[in-house]
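Residues per chain are reported as follows:
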Amino acid sequence: MTLSSFDWVVALPKGRMMQDAYRIFERAGYPLPAAAGERELWHAGDGVAVLELRGGDVPTYVDLGIADVGVAGRDMLLEAGRDLYEPVDLGFGACRLSLIRRPDDEAPVRRVASKYPRFTQAWLRSRGLVADVVKLSGNVELAVLTGLADAVVDVVQTGSTIRAAGLVEVEVLAHSSARLVVNRSALKLKRAVLWPLIERLRAAARTTSG
């Protein structure tokens, strides 16, 4: 059975956000099928297929039409730069993208390390700043501590990680939360399915935030 045989396909990020996504889809009246085993790459039921992906891959799968809709953090969407319709802020996974440095370090930023190189470069250009951007996959705070970079751009939730590292949040660059994203072509071709889904998720998100 191919993905095209289903009424709609949803791409979800693995981990905590996927659990929250399952809950809000159920509250909206769209319970998603559960995986039969841990090694399943995708699973389906009742006309819907679910793809379990790395968070950064969700925008790509939706933009290129493999999935009709997806759930992605706003941070991932800013980095991906894909042309997606974002009709609903789902209200969970709240965090912020911040510039992080050593305390009292006021020297010009010459090199920035980040998991979000595209977003970081765009932010630097918007400020008229010129700096090297180094892409890292994890523990970006270590880049400042070891001298690899004099600043990092990373996701901050409570701030406990950067405080434990002896660093400070200098500036919040963007706020993030989980968003429903929709492929623009699918929105036209499957409007009878997707528009009710959007409206009911929007109502579920309002109920949760209230």
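What you see is a predicted model, and the numbers here were worked out from it, not measured in a lab.

Analysis parameters
- Residues numbered from 1 in each chain as written.
- Predicted model: local features only at pLDDT ≥ 70, side-chain atom pairs only at ≥ 80, totals over all residues.
- Heavy atoms only, no water.
- Patch = residues over 30% accessible without salt bridge, like charges linked within 9 Å, V, L, I, M, F, W, Y side chains within 5 Å.
- Areas by Shrake-Rupley, 256 points an atom, 1.4 Å probe, with all protein chains shown as cover.
- Salt bridge = Lys/Arg side-chain N within 4 Å of Asp/Glu carboxyl O.
- Helix = DSSP H or I, 4+ residues; strand = E, 2+ residues; numbered from the N terminus.
- Core = buried A, V, L, I, M, F, W, Y, C linked by side-chain atoms within 4.5 Å.
- Buried < 20%, exposed > 50% of the residue type's maximum accessible area, 1.4 Å probe, protein only.
- Contact = heavy atoms within 4.5 Å.
- Pairing = 2+ DSSP bridges.
- Right-handed = clockwise from strand over helix to strand, strands pointing away.

**Side note on a nonpolar patch on the surface**
Piece 1. A surface patch of nonpolar side chains, amounting to about 280 Å² of accessible area, comprises Tyr 61, Leu 64 and Ile 66.
Piece 2. Looking at where Ile 66 falls in the secondary structure, it is placed in the loop between helix 2 (58-63) and strand 4 (69-73).

**A look at the nonpolar core**
Here is a general trend for soluble globular proteins: nonpolar side chains tend to be buried in one another's company.
Piece 1. Ranked by size, the top nonpolar core spans 30 residues in total, and within it Trp 8 and Phe 25 carry the most contacts.
Piece 2. Breaking this core down by element, the ones donating at least two residues are strand 1 (8-13), helix 1 (16-27), strand 3 (48-53), strand 4, strand 11 (178-182), helix 7 (184-189) and helix 8 (191-209).
Piece 3. With residues up to four places along the chain from it excluded, the contact list for Trp 8 reads Phe 25, Tyr 30, Leu 32, Gly 47, Val 48, Ala 49, Asp 68, Val 69, Lys 190, Val 193, Leu 194 and Leu 197.

**What to know about the pairing of strand 7 (residues 111-114)**
Piece 1. Where strand 7 lies against strand 8 (residues 132-135), four bridges are found, and the strand directions are parallel. Across the sheet, Ala 113 pairs through a bridge with Val 134, a residue of strand 8.
Piece 2. Taking the sense of rotation as the criterion, the β-α-β connection linking strand 7, helix 4 (residues 117-126) and strand 8 turns out right-handed.
Piece 3. Two strands pair when backbone bridges link them, and strand 7 and strand 9 (residues 151-156) are joined in this way by three bridges, in the parallel orientation. By the bridge assignment for strand 9, Ser 114 is matched with Val 153.

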